[in-house]
Every structure is written in C-alpha cells, then in structure tokens.
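# Structure assessment
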Amino acid sequence: SGGESGGEASPKRRRGSGSEASAGGAAEPLCGDVSFSHSEHCRHIWGLELDDVNVKLLSELEAKEGKDIGEIVMDVLREQAEEAGKFDLERIRSLISLESRQYVQRFEASPHDSFLDPILSEFLFGPAFAREAPETSGESLLKSYDKPAIFEALSHKPAEYWTALLKSEFVEKPRATLVGIPSKKTSDQLQSEETARVEAQRQALASAEPTLDSKTIIAGASSALPEDHARTKLQATKWVHSSEFKSLLDQHAFEVEVAEAANGMDAPESVLKSIQQPDMKNIQLISKETANIHTNPNAKIQIDMVGQAQMVDIRLLYQVDFEKVPLDTLQTLPLFVELAFELPLRKSRLGAAMTAQETVTKCTNLFNTKSCSFSVGMRGRFGLGFFGTNALVFVAKVEKARAEEALAFLCRIKEDSQFTEEKLKTGVNRLLNAIPEQKRDGQALCATGFSALAYREMEVGTNGEKKLLPPPQKFFSWPWLNAYLTNIKNAASSSAAFTDVLNALNGLTAQITQLAVQIGGDLADRDRLHALFANSSDLFEGHTAVTCWRTFALEQATILQPEDVKGSTTIRGVMIPCASIESNFLRISMRTDILDFKHPDYVALVTATECFTMLEASFWRKIRGRGLAYGYGLSLSPMNGLLEFYLSKTANPVEAWEEAKKIIDDYTNTLFGGSPDVVDETIALNAAKSGLVFGLVSEVESVPDVLTSSFFDLMARKPKDHFQQFTKTLEQVTPAAVRRVTEKYILPLFASRPGDVKSDADALAGIQSHPVLSLACPANQSEATGKALRDAGFKVLELSVEQLETVGADLQGWPKLQDQVRRC
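Residues numbered from 1 in each chain as written. Predicted model: local features only at pLDDT ≥ 70, side-chain atom pairs only at ≥ 80, totals over all residues. Heavy atoms only, no water.

Here R412 lies in helix α18 (residues 403-416). When its relative accessible area of 5% is taken as the criterion, R412 is described as buried. When neighbours within four sequence positions are excluded, R412 is seen to be in contact with L345, R346, S348, L350, G351, A352, M354 and S417. (Helix = DSSP H or I, 4+ residues; strand = E, 2+ residues; numbered from the N terminus. Buried < 20%, exposed > 50% of the residue type's maximum accessible area, 1.4 Å probe, protein only. Contact = heavy atoms within 4.5 Å.)

L316, F367, F394, F533 and F540 are the most contacted members of the largest nonpolar core, which has 101 residues in total. Setting aside its immediate chain neighbours within four residues, F540 contacts N296, N298, A299, I301, R349, L407, C411, L515, V517 and F533. F387, W549, L586 and A687 belong to the second-largest nonpolar core, a separate cluster that totals 73 residues. (Core = buried A, V, L, I, M, F, W, Y, C linked by side-chain atoms within 4.5 Å.)

Judged by pairing direction, the sheet is mixed, and its six strands sit side by side in the order β16-β17-β15-β18-β14-β19 without closing on themselves. The open sheet has two edge strands, β16 (631-637) and β19 (795-798), and neither has a second partner. This sheet shows a mean twist of 15 degrees between the axes of neighbouring strands, independent of strand direction. (Pairing = 2+ DSSP bridges. Axes fitted to C-alpha atoms, helices over the stretch in contact; angles between N-to-C directions.)

Within a regular beta strand, the side chains point alternately toward one face of the sheet and then the other, so they alternate between its two faces. The buried count for strand β6 (residues 300-306) comes to seven of seven residues, which makes it a mostly enclosed element. Residues K300, Q302, D304 and V306 of β6 are buried on one face, and the alternating residues I301, I303 and M305, pointing to the opposite face, are buried as well. Both strand β5 (residues 289-293) and β6 contribute to a ladder of five bridges, which runs antiparallel. Among the inter-strand pairings, N292 is bridged to a residue of β6, identified as Q302. The antiparallel hairpin formed by β5 and β6 contains six residues in its connecting segment. Where β6 and strand β12 (residues 514-522) come together, seven bridges link them in parallel fashion. Note that in β12 the partner of I303 across the bridge is I519.

Tallying each qualifying case throughout the model produces 34 salt bridges. Notably, a salt bridge pairs D52 with R381, separated by 4.0 Å at the nearest N-O pair. One end of the pair, D52, is in the loop between β4 (44-51) and α3 (55-65); the other, R381, is in the loop between β8 (369-376) and β9 (387-399), with 329 residues separating them in the sequence. On the basis of relative accessible area, R381 is assigned to the partly exposed category, the value being 28%. Of the charged contacts in the structure, one is a salt bridge between E655 and R626, with a shortest N-O distance of 3.6 Å. One end of the pair, E655, is in helix α27 (residues 653-670); the other, R626, is in the loop between α26 (618-624) and β16, with 29 residues separating them in the sequence. Classification of E655 by relative accessible area gives partly exposed; the value is 33%. (Salt bridge = Lys/Arg side-chain N within 4 Å of Asp/Glu carboxyl O.)

Here we take up a nonpolar patch on the surface. A cluster of nonpolar side chains, L116, I119, L120, F123, L124, F125 and F129, forms an exposed patch at the surface whose accessible area comes to about 690 Å². Relative to the helices and strands, I119 resides in helix α6 (residues 111-125). (Patch = residues over 30% accessible without salt bridge, like charges linked within 9 Å, V, L, I, M, F, W, Y side chains within 5 Å. Areas by Shrake-Rupley, 256 points an atom, 1.4 Å probe, with all protein chains shown as cover.)

To continue, consider the packing of α6 against helix α7 (residues 138-145). Running from N to C, α6 and α7 cross one another at 150 degrees; their axes reach a closest spacing of 10 Å. Note that α6 runs across α7; the crossing there is right-handed. Mapping the contact onto sequence places S114, F115, P118, I119 and E122 in α6 and S140, L141, S144 and Y145 in α7. Along the lines of polarity and charge, the residues of the contact of α6 with α7 split into five nonpolar, three polar and one charged. (Left-handed = near helix turned anticlockwise from the far one by under 90°. Nonpolar A, V, L, I, M, F, W, Y, C, P; charged D, E, K, R; others polar.)

Attention now moves to the packing of aromatic side chains. Evaluated as defined, the whole model comprises 26 aromatic pairs. A centroid spacing of 5.0 Å and a plane angle of 85 degrees characterise the contact between Y161 and W162, whose relative ring orientation is edge-to-face. Above the ring of F409, the side-chain terminus of K362 is found at 5.6 Å from the ring centroid. (Phe/Tyr/Trp six-rings, centres within 6.5 Å; stacked < 30°, edge-to-face > 60°. Lys NZ or Arg CZ within 6 Å of the ring centre and 35° of its normal.)

This next bit is on helix α22 (residues 478-490). Taking 1.5 Å per residue, 13 residues should reach 18 Å; α22 reaches 18 Å between its end C-alpha atoms and fits that length. The complete set of buried residues in α22 reads W478, P479, W480, L481, N482, Y484, L485 and I488. (Expected span 1.5 Å × (residues − 1).)

Glancing now at the state of the cysteines. Tallying each qualifying case throughout the model produces zero disulfides. Left without a disulfide partner, C578 is nearest to the cysteine sulfur of C777, which lies 8.9 Å away. In this structure C578 comes out as buried when scored by relative accessible area, which is 4%. (Disulfide = S-S within 2.5 Å.)

Moving on, we come to unusual backbone geometry. Although it is not a glycine, D52 sits at a positive phi angle of roughly 55 degrees. For K649, which is not glycine, the phi dihedral falls at a positive 50 degrees. Among the secondary structure elements, K649 is positioned in strand β17 (residues 642-650). Overall, the relative accessible area of 49% leaves K649 in the partly exposed class.

In contact at an axis separation of 9 Å, helix α25 (residues 602-613) and helix α31 (residues 735-749) are set at 90 degrees when each is read in the N-to-C sense. As judged from the angle between their axes, α25 and α31 are roughly perpendicular. Where α25 approaches α31, its residues A604, L605, T607, A608, T609 and F612 are matched on the opposing element by A737, V738, V741, T742, Y745 and I746. Per-class residue counts for the contact of α25 with α31 are nine nonpolar, three polar and no charged. (Parallel < 35°, antiparallel > 145°, perpendicular 65-115°, else oblique.)

What follows covers the confidence of the model for the protein. Note that predicted coordinates carrying low pLDDT should not be read in detail. The predicted model of the protein has a mean per-residue pLDDT of 82, with 82% of residues at 70 or higher. Strand β1 (residues 21-22) is the least confidently modelled element of the protein, averaging 34 in pLDDT, while helix α16 (residues 333-339) averages 95, the highest of any element. Segment residues 224-243: pLDDT under 50, and 22 contacts once partners within four positions in sequence are set aside and those in other chains are kept. In this model residues 671-679 is a low-confidence stretch, pLDDT under 50, and it forms 18 contacts with partners more than four residues away in sequence or in other chains. (pLDDT = per-residue confidence, 0-100.)

Let's shift gears to the environment of V179. Locating V179 in the fold gives a position in the loop between α9 (159-171) and α10 (184-207). Discounting chain neighbours no more than four positions away, the residues touching V179 are L58 and I69.

The structure is reproduced here in structure tokens:
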C-alpha cells in the first residue's frame, strides 16, 4: 500500500485515494487513505484498510464491477502478482531504501526501544530462549539486529521474487473482508434500545426484594478494609445499627461506597517519602551549539548542531501576511497542505519539470520523513498548532550527506508545485471523505465547539483601512471546509468558480515570500552547513528574511472577556449531542495572564496542576479510580495563556466535574489546616517536582529530541536557559506558593473562589476571560445532561451536530455564536 511515504505511487493508492484518468476524465477517489497492518500471533495476519471511504461511490463501484470491494482490491493484487514484467521493481527498491534509513533513524531516536524490541520478539517467538535451544539459536537474534544487511539483500531481489511472495502471502491465502458503514438510523436505534434497557433494569432493581440483610453486607465489606482505616469502619458501624435496607439498590450502593473508601486511600507515607526529589546538579544534558547566519538577505537562518547526529532536520517557514494575501487565496491553504508532496512541478531555475509520479518517487528516495502544515505542530487535518499560526511550514529529516539536495527540493516543492484540474478534484474529495468521521468523533466535536467559542476575528490593515478577517483556525475547521469544498465539488470544471480556486492555488506560494530556515545537524558539519546557507541566495531568490522569529504568531484564544459577561462564578458554553458516541467529552478553558515562560507564577502553577493530576494523586484516585472518567487533565499553556480542565470518555461529566471541584476546594480549605485525612503537603509537592523534572528531561533525552526541542523552544519563545531557570525556580516552590496560585487561577476555572475574596475584581485577578465549556455528549443523554449542567450552575447553549456545522460554515458564524453564549 505504500503508507504515507509511498504517496500516490502505490497501485492501491492510485486506485483508492489518488486519482487515475478514466474515459470520463479524472476519477473521484474512493477513500481518503490506504493503510497497511501486520499482526504476529500464532500466525502472521496481514491487513489492508481503506479509510474514510465514500459510501455512495463504493456502492456505485461494486454495482459497476459486479463484485464486492474485497474482490476489487484483490484484483489489484492479482494484477501485480500475475506477471513480473508488470511489477514496479524500482518502487519496491525505493521503499526498501526508505525503510533502511528509517531503521537507522529509530536507533538514534530511541536506542533503548530499538535494542529491546528484538529481544522481546525473540523471547516470544524465536529459538534463542527455548528450553531446548539449539547451539545456533542466537543467530536469529543477531540477524535481527543487522537489518541494514537484510534490507541490502532484499534490494537485489528480482521482480519474480516479489510477485511470488505477493501471490503466496496475499492472493492464495484465505481472507476476510469487513465493511463498516455508518448509519444515523442504526445509531439512533441503538441509543434508543440502550436507554430502554437501562430504564427497564432500573425499574426491575427498584422493585426487587433484598436478598441479603445489612449485617451480612457490612461484615463482608468491613473485613476487606485495612485495620487502620478507622473512619470507614466507624461509618460501617453506624450502618449496622440503622434500619434495614429497603431495596437491593441500597445494598449495592453501600458496597460501592465501602469499596470506594478502600480504593481511594492515599498511598502510604512511607512509600511517598522513599521518592527522593531529583538533584538538579546531577542532570547532564546533551550539549548543543546554536548559530545564526545574518549574511543571507533572503532568509533568516538558525543552525542547531549536536555532536554525532546521524540525520539532519530541515524546516522552512514561510510567513503569511494576512493583510496582503486575499481571503479567497487563504481559503485554499488546506488543499495545498493536503497534496503538497504529490503535485507536478513546473520547470524553473530550480530544476526541470516533473510529473506528480516523479515528485512522489523523489520524495520517497530523498526524505526519511516529511510534512507540510499550516502552523507548527498542526493537530491533524482539521486543527492548528500552538505556534506559527501565520506560517506555511515544510519539515524533512534526511541523511546528512544529502542535506543540500533535500533543502533544494523542499524549496522546489514550495516554489514550483502546480495544481491541475485532476489534482484539485483529488484534494477536494480526499478531504471531504475524511470529514464525516469528525462528525462521529466526540473528541473532535468537543474541540470544534471550543474553537467556535475561543477564536475571534483578526483585525488587519492600517488605521485608515482596517478590516476583520476570520481567524486561521476557521479555514481548517471541518464545518467550514465541508461547505467550501462541497461548493468546489459541485462546480463544473469549466465554471468561473472552479477556475478561480485553481488560479488561487497556483498563485498561493508566490504571495508568501518571507522566509525563515532552521536546520539541525552534526557539529562536524558546521563549516559545510554555514557555507551552504551563506551562498544560498540563488536558492531563496525572490524571498526576504523575516525580521524576527517572534513575528511568527502564537495561538490567540480570546474566549469571553471579563467585561463581556457580568458575574464571576458562571461557566458558559455549548453542549453538542451526538447519536454516534456513547460517552462524554468535556473541556473547560479560561485565559490567564501567564503568556510567557518568564511569568512569576508560571512554574508554581505548573507545579500545582501536577500535584492534582500526577499518578496516584487526587484526580487519579477520585476521578479515574472511581470510574467517573477514563481520561482527565488540568494543564496550562503559556503560549496562549489557557488553563484547561478536560475529561474524556466520562459517563457522567457533571459528577466528574463536581468531584474535581470538590478536590480543589478541599485542597485550599483543609490541606493547609492540617486535615488528618490528607497526605503531608511537602511529600506530595516533592513527588510533583520529581514528575516535572522527569518530563522536562524526557524531552531532551536523545539527539533528535534535542534538535526538535530546540526548534519548538524557539517558536514557543522559551528563554535559552529555560531548563536551568525552570529547575532552579522549581526547587524554590513552596506549599504556600502552590496554594496561592491554586486560589488565584484554578479556583476561578471551577467557578469558585476563596472565602476571603470580597469582590469579583479580586476573584478575577490574573484572569483574562471567563471559563467556557465545550461538551460532546450522547444524544440519548442530552436531556438529563443538560438538566444536570443547569442544576450545577452552568449556562449552556445546546447545538446539534447539524447546527454546529451550520454555524461553522457561516463566515460570521463564530462571532454570532459567541454573542449567543454571552447572553444565554
């Protein structure tokens, strides 16, 4: 199938997610992607998956061919296996070369895992660890470590070898085809049946006679408790002397209560005290050298070098000027990002013309990994990263001997890419095929609801000619793209609307000319890399260097401003019922004044969030441990100032939120009063500090990690001595500092405030927005969930998935929704 690196060169990919010319012109892609899997159990199981399939097109294709999709896929395999002369030997050798390079890359990135994985595999499946192992049993293990030799041998295999392998392992082996087709009708029916089943069970249990007396239950439950758990035993004694339980439900409820009390106990202090706070002086970091080249007028250049780096990281960042690039052109960015490495290249000063197939082959042969995105750390197709939200970003990892060649070809991808009618249709259909999954994904719906509340229009232009533009997050949101791409798809190829989009795509890169380059490599290549960039004016011709790295924008989530809404203790937001999900996804966000890593409260607040969320801490035991939610979090992002509480896969989001709120309230009200039920605060604080240091070190534990983190630190505007300053400040964080930032920032997030605060102004000190909520919930629970939210004090606007899509498709939809939420 070729995977990501194979691009459209794969025969299956060309038939499925690519596009092949047909008698009627460009064929519509059947699916969004083709993927491959391999499982090793008692036998090898190979899998081929078509993802994001166009259901309508699938039905039409099966009807036309007179066979099911499994047979149609097998036809592609049979065609390749029948004759060696038809097999693409050049391509398979290209992929073998890529695998060999990526194998070396994995060893550099994670040497521990790379050494351990073959040992585990040998232990499970190989002869080396067998009880009656032959004398040569170790040879298979040694061979597994010499994969470059295996790849080298495979690269010389003739076409007959591959066709025979394809025939024996795929064509002639038994197979099963599974087709999953989404159905709103079926989803609604399943939810309706589940609601009826739960209600019937509730009624049956409520009317059932108890089968056990209370004393029997008490004796069994109490015997399971530790001897020193006096409080729960006292409570159990009170139950013994109370009246008999009235129903079986009461019996179960008490059993659950006792079990929760036992499971919710704090870890023994002896265990916690054994965890020593790490000595920062003993941490030895991988050394790195950074240089900036100021002699090139066409690009701002930074080189990060680490000794013995085996690969080179190349990043090109083209800054987008929203004032100069027309709105119609900005809207085409998702299409360019989707197909950047699959387009034909025009003839230019940078090289000869290339077909799309030649571009894909060149990328496979040259790059170990590659990506194109708008923003840094782009979160999938339908979301932006935290950094560089005004940048078109190209990233590649290559062998250091081919750094110059890779840099030149990345520049070609940006400069010479050319959209054709066929490629435009391919991009449109591929993105449209991926959108339905977003409508069925609770996490994606929750994120989309948050985006609609969080991002405001951008004001661009001079004082005399100011205008408002949608935020860049809008152009990558699935509701907007669904409407935008559907209009393109429905337009005739000869229409003005279709031609305008095609022209905008082909003119896009010419309007993005401000450039910054970051490269990471080996110290031994210092002189060569410096010379490369000092003399690369021809390569970057037509561009100008960005004035400063800080001109690359950070994500700005404004949410609801304090002056927008009166009252400091109300959480407003949206609830999105969806028939295809079975659990809830919740996100409550608030903007603080911590907008950089030097803020005096930053380290203390990060420490406070770790105190609540670390393993075996309060959230772990009382939210996840009690089954209130599978996932939870409390985090701070200094890039945009957001403090967020989130829950994933929760059956009862309000109960889980109330438990979290209670934990926070109890922490500030009782911990520092010396409650006997709370572990010593110093011990918990030291454990949190250890976790933070471990996380910080894990980000720079290998050579590739150092090169990557250097770039991310640059984009996030971290100080150059961030690690040293963070650890130094962390050592000085006290329990009093944790309590202060908890009261100042975390309490308002939970619509609460310390008792000694007299005014809203005091309660919102350091807070730049009101908390907002985005919740995706099962449709059959929306009425009960909405009532629970209102009873808990939330003010929530309910939006169906269809309404959310309508809001997102409107250019002014997000501002209108924000205004509705302010007034709800």
